[in-house]
Amino acid sequence: MNFQEYLKHHYNFFETLVLQITLRCPLECGHCNVNSSPRAKIALSRQSIDRAIRGFADTPDSKMVFITGGEPFAECDLLDCAITISRDLGLATYVITSAHWARSSSGARKVLNKLPKIDLMSISIDEWHLKYVPLEQALRGAKIAAEAGTDVNIALTLRNPDDPFRQIVYEAIEQLEFSPSVYECMVAPVGRSVLNGNHNISKEPAVGYCPKIGAPTITSDGSIIACCNATETNLISQTELANEHGLLLGHVDDTTLSEVKHKLENDPILLALRLLGPGWIWQQGLKYNLFDNLLEAPHSGSSNDICQVCAKLVRNGERVRRLQKIMAKPEVAAQLRWISGRTG
């Protein structure tokens, strides 16, 4: 499975389950969007992993499990569990890692040989990782993974489109004996990045729909979120208003993935986010004077506009109740039904 196939599955409704098996990571990078560190102890149990993947496999369109963290390789037993169950059920696996385990070629091979085959692996590379994982080590991990028959992608995070670090990485990749795909993104104003100022702010309002609403994420504490929004992945379990959060769909130990799918298909707020986007919902709120001064202007970080605005809309119960009023208006509901019918 190559990276383009992964993107297709991630954007298609309910074809991908995102599984954050742990929040722990041997790194503590200044741009980390989920605030991972060696001190983070939260992780899914093997029972929760089993329940999540089997429940997902029972849904008709399931294709792939995306295993993330933290650092998935910081909990190799849980990573092994997730890959094994996924493969047994015919689901593809995608793992993202810093390649901290690739200090030597022999050591990297030993780590990967203990695990079932991974279909796709992304090696995260950026200037913040270099403090812990040199570029040579990250690319060594990519090379060893490719030798093991895994499709490899480089997940390259940059400060901005003109970041000179891009050229350094591409020149190093050219020296490899194989050609991994490269997926670029700009650092998002989420997690420690906000505190460290590692991002640029755009004054343009967010536009566009969000197909990632429909790729549910199970966080390391078992919360089920409607998407992989990193803004919320590390927040929902911490906020006092968690039970009223618009993206929170339940907990893995008492909510089935079939129930999650049903809610994603029928909840008007989630449907509007997926088909029309948070910018459209925001405009409806302004039109009907429902927001007052409750929300900030819909401006956010250049790399995460839609996610940031979505988070502002659904982060607490009062905002969600206001959105429900919008969705209940006949003309708004009619527009949502029309676009839902057209997209099938």
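Residues numbered from 1 in each chain as written. Predicted model: local features only at pLDDT ≥ 70, side-chain atom pairs only at ≥ 80, totals over all residues. Heavy atoms only, no water.

Visitor: Can you lay out the overall build of the protein for me, pointing to particular residues and giving the numbers?
Guide: For the protein, the helix and strand inventory stands at 14 helices and nine strands. Once local pairs closer than 6 in sequence are excluded, the contacts in the protein between residues at least 24 apart make up 76%. Per element, the accessible surface of the protein, about 15,300 Å² overall, is 48% carbon and sulfur. (Helix = DSSP H or I, 4+ residues; strand = E, 2+ residues; numbered from the N terminus. Contact = heavy atoms within 4.5 Å. Areas by Shrake-Rupley, 256 points an atom, 1.4 Å probe, with all protein chains shown as cover.)

Visitor: Describe the pairing of strand β1 (residues 16-20), naming the residues involved and giving the relevant values.
Guide: Taken across its five residues, β1 has five buried, putting it largely inside the fold. Residues Thr-16, Val-18 and Gln-20 line one face of β1 and the alternating positions Leu-17 and Leu-19 line the opposite face, and both faces are buried. Crossover connection from β1 via helix α2 (residues 46-57) to parallel strand β2 (residues 64-68): handedness right-handed. Bridging between β1 and strand β7 (residues 217-218) involves two bridges; their strand directions are parallel. Bridged to Val-18 within β7 is Thr-217. (Buried < 20%, exposed > 50% of the residue type's maximum accessible area, 1.4 Å probe, protein only. Right-handed = clockwise from strand over helix to strand, strands pointing away. Pairing = 2+ DSSP bridges.)

Visitor: Lay out the pattern of salt bridges in plain terms, naming residues and giving numbers.
Guide: With the rule as written, the count across this model stands at 13 salt bridges. The partner of Arg-87 in a salt bridge is Asp-119, and the shortest N-O contact between them spans 3.5 Å. Of the two residues, Arg-87 sits in helix α3 (residues 76-88) while Asp-119 sits in the loop between α4 (105-113) and β4 (120-125), which places them 32 residues apart along the sequence. Residue Arg-87 is classed as partly exposed on the basis of its relative accessible area, which comes to 37%. A relative accessible area of 14% places Asp-119 in the buried class. A salt bridge links Glu-136 to Arg-140; its shortest N-O distance comes to 3.7 Å. Of this pair, Glu-136 and Arg-140 both sit in helix α5 (residues 135-147), separated by four residues, roughly a single helical turn. The class of Glu-136 is exposed, set by a relative accessible area of 60%. With a relative accessible area of 19%, Arg-140 lands in the buried category. A cluster of three or more residues bridged by salt bridges with shared partners is formed by Arg-87, Lys-117 and Asp-119. (Salt bridge = Lys/Arg side-chain N within 4 Å of Asp/Glu carboxyl O.)

Visitor: A description of the environment of Pro-161 should follow, citing residues and the corresponding values.
Guide: Assignment of secondary structure puts Pro-161 in the loop between β5 (151-158) and α6 (165-173). Since its relative accessible area comes to 54%, Pro-161 is described here as exposed. A C-alpha to C-alpha distance of 9.3 Å links Pro-161 and Glu-184, two positions 23 residues apart in sequence. For Pro-161, the contacting residues outside a window of four places in its chain are Arg-166 and Met-186.

Visitor: Can you break down the sheet that holds strand β8 (residues 223-225) residue by residue, with the values?
Guide: A sheet is described by the order of its strands in space; here nine strands give the open sequence β6-β5-β4-β3-β2-β1-β7-β8-β9, paired in mixed fashion. Two strands bound the open sheet, and with one partner strand each, they are β6 (181-186) and β9 (248-251). Two strands pair when backbone bridges link them, and β4 and β5 are joined in this way by six bridges, in the parallel orientation. By the bridge assignment, Ile-125 is partnered in β5 with Leu-156. Running over the sheet, α2 touches β1, β2 and β7 and is turned about 175° from β1. Contacting β1, β7, β8 and β9, helix α9 (residues 257-266) crosses the sheet at an angle of about 165° to β9. (Axes fitted to C-alpha atoms, helices over the stretch in contact; angles between N-to-C directions.)

Visitor: Account for the packing of α4 against α5, with residues named and values stated.
Guide: Relative orientation and spacing of two packed helices are given, respectively, by the angle between their axes and the distance between those axes. Viewed as axis vectors pointing N to C, α4 and α5 meet at an angle of 50°, and their least axial separation amounts to 10 Å. With respect to each other, α4 and α5 are oriented oblique. The way α4 lies across α5 gives a crossing that is right-handed. Residues Ser-105, Ala-108, Arg-109 and Leu-112 of α4 form the contact with α5, whose own contacting residues are Arg-140, Lys-143, Ile-144, Ala-145 and Glu-147. Classifying every residue of the contact of α4 with α5 by side-chain character gives four nonpolar, one polar and four charged. (Parallel < 35°, antiparallel > 145°, perpendicular 65-115°, else oblique. Left-handed = near helix turned anticlockwise from the far one by under 90°. Nonpolar A, V, L, I, M, F, W, Y, C, P; charged D, E, K, R; others polar.)

Visitor: Which residues make up the nonpolar core, and what values do they have?
Guide: With 90 residues, the main nonpolar core has Leu-19, Ile-49, Ile-125 and Leu-247 as its most contacted residues. What Ile-49 contacts, discounting residues up to four positions off in sequence, is Leu-19, Ile-21, Leu-44, Leu-78, Cys-81, Ala-82 and Ile-85. (Core = buried A, V, L, I, M, F, W, Y, C linked by side-chain atoms within 4.5 Å.)

Visitor: I'd like to hear about the side chain of Ser-98, residue by residue, with values.
Guide: The residue Ser-98 is located in the loop between β3 (92-97) and α4 in this model. Taking the relative accessible area as the measure of exposure, Ser-98 reaches 3% and is therefore buried. Apart from the residues lying within four places of it in its own chain, the contact partners of Ser-98 are Leu-27, Glu-71, Ile-123, Ser-124, His-129, Val-133 and Ala-138.

Visitor: Mind laying out unusual backbone geometry, listing which residues take part and the relevant values?
Guide: A cis geometry characterises the amide bond from Gly-69 onward to Gly-70, with omega recorded as 20°. Tracing the backbone through its elements, the reader meets Gly-70 in the loop between β2 and α3. Even without being a glycine, Phe-14 presents a positive backbone phi close to 55°. Its location among the elements puts Phe-14 in the loop between α1 (3-11) and β1. Non-glycine residue Ala-99 carries a positive phi angle of around 65°. Residue classification places Ala-99 among the buried positions, given a relative accessible area of 0%.

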